[in-house]
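# Topology and contacts: notes
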Amino acid sequence: MHEISDFNSEQLAENITQVRDCIATTAAKVGRDPTEITLVAVSKTKPLELVEMAYNLGVTDFGENRVQEALSKITQFHPPQLRWHLIGHLQSNKAAKVVGAFACIHSVDSLHLAQYLDRKAAEQHMRVEVLLQVNIAEEASKEGMSPDAAPEIARQIAGLANVEIAGLMTVAPLVDDPEEARPVFRALRVLRDNLRATVTGSDWRHLSMGMTHDYPIAIEEGATIVRVGRAIFGQRPPVIR
Ligand SMILES: *Cc1c(COP(=O)(O)O)cnc(C)c1O
């Protein structure tokens, strides 16, 4: 992986090819069709030029975790085939801004937030596609609803006219050996299967799970969306908040 200063389109092309190859190889290993797995390239903190470069190399889905940064990029670059994904925490007071800007919001973690999105979507005569973020490992530091609360929250969100639940999302604990994340991915899949059987009116097709460190394991456990940042765009500077 390279620092931004080293980055050129050849390096980026090589990284994208490597990630795509890994997705294909892993899918084949477990008998899955690689075309059912969407690569979301996570471009947070990275300049728009890298997004444009990746787009020109065939990447169609991009993920951002901060609303402000994302909206600035989206305003500047939104070709029709490009889908922007919001993967970071969303505050209700920003709900109005994200409806219409993002193809999918991965971070819906409360009924309250979903109700806001529903209202804003109704005002704009739109439907908003969301994933429910679940804190499978129940880490205090992580966003997401608890797995126990998920069925009831899901049932209520499924009743909102302008919000469409497309599945679940999780961020696995950061562990040295990605194999240790497997039970978390597996649990998200089991939860999704249970919700699919009990909460009707949503199709529950997506499992958004797996990042640079652990996406092959996530694919083995059924991920339909992997969110990969560093393996594509290189390391990020340390976060200062
Ligand atoms: C940053 C981020 C990613 C990508 O992480 P990498 O380790 O760079 O692949 C994926 N999902 C979420 C929610 C993130 O915040």
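This text follows the structure it describes.
Report on the accompanying structure.

Rules used throughout
- Residues numbered from 1 in each chain as written.
- Predicted model: local features only at pLDDT ≥ 70, side-chain atom pairs only at ≥ 80, totals over all residues.
- Heavy atoms only, no water.
- Helix = DSSP H or I, 4+ residues; strand = E, 2+ residues; numbered from the N terminus.
- Contact = heavy atoms within 4.5 Å.
- Phe/Tyr/Trp six-rings, centres within 6.5 Å; stacked < 30°, edge-to-face > 60°.
- Buried < 20%, exposed > 50% of the residue type's maximum accessible area, 1.4 Å probe, protein only.
- 1 Å grid on protein atoms, 1.4 Å probe; cavity = no way out; pocket = protein on both sides within 12 Å on 5 of 7 lines; lining within 4 Å.
- Points joined across faces, edges and corners; volume = space filled by probe spheres on them.
- Nonpolar A, V, L, I, M, F, W, Y, C, P; charged D, E, K, R; others polar.
- Near = heavy atom within 4 Å.
- Polar contact = N/O pair within 3.5 Å; in protein donor to acceptor, adjacent residues only side chain to side chain.
- Areas by Shrake-Rupley, 256 points an atom, 1.4 Å probe, with all protein chains shown as cover.

## Concerning the environment of Ala158
Along the chain, the position of Ala158 falls in helix α6 (residues 150–158). Between the C-alpha atoms of Ala158 and Ile105, which are 53 residues apart in sequence, the distance is 15 Å. For Ala158, the contacting residues outside a window of four places in its chain are Ile165, Val199, Thr200 and Ser202.

## Focus on the packing of aromatic side chains
For the structure on display, the rule yields two aromatic pairs. Aromatic side chains Tyr55 and Phe77 sit 5.4 Å apart centroid to centroid with 85 degrees between the ring planes, which places their arrangement in the edge-to-face category. One end of the pair, Tyr55, is in helix α2 (residues 48–56); the other, Phe77, is in the loop between α3 (67–76) and β3 (83–86), and 22 residues separate them in sequence. No difference in accessibility class separates Tyr55 from Phe77, as the two residues are buried.

## Brief notes about the layout of surface pockets
Of the voids in this model, the second largest pocket is the one considered here, and its volume is about 190 Å³. Around the second largest pocket sit 16 residues that line it, and Val99, Gly100, Ala101, Phe102 and Ala103 are the ones nearest its centre. Partitioned by chemical class, the residues of the lining of the second largest pocket number 12 nonpolar, two polar and two charged.

## Some points on the site of the ligand
Lining the immediate surroundings of the ligand are Val42, Lys44, Ile87, Val171, Met211, Thr212, Arg227, Val228, Gly229, Arg230 and Arg236. A distance of 2.7 Å is found between an oxygen atom of the ligand and a side-chain nitrogen or oxygen belonging to Lys44. Measuring from a nitrogen atom of the ligand, one finds a side-chain N or O atom of Arg227 at 2.9 Å. Considering the ligand on its own, with 390 Å² of exposed area, one finds that the protein chains cover 93% of that surface.

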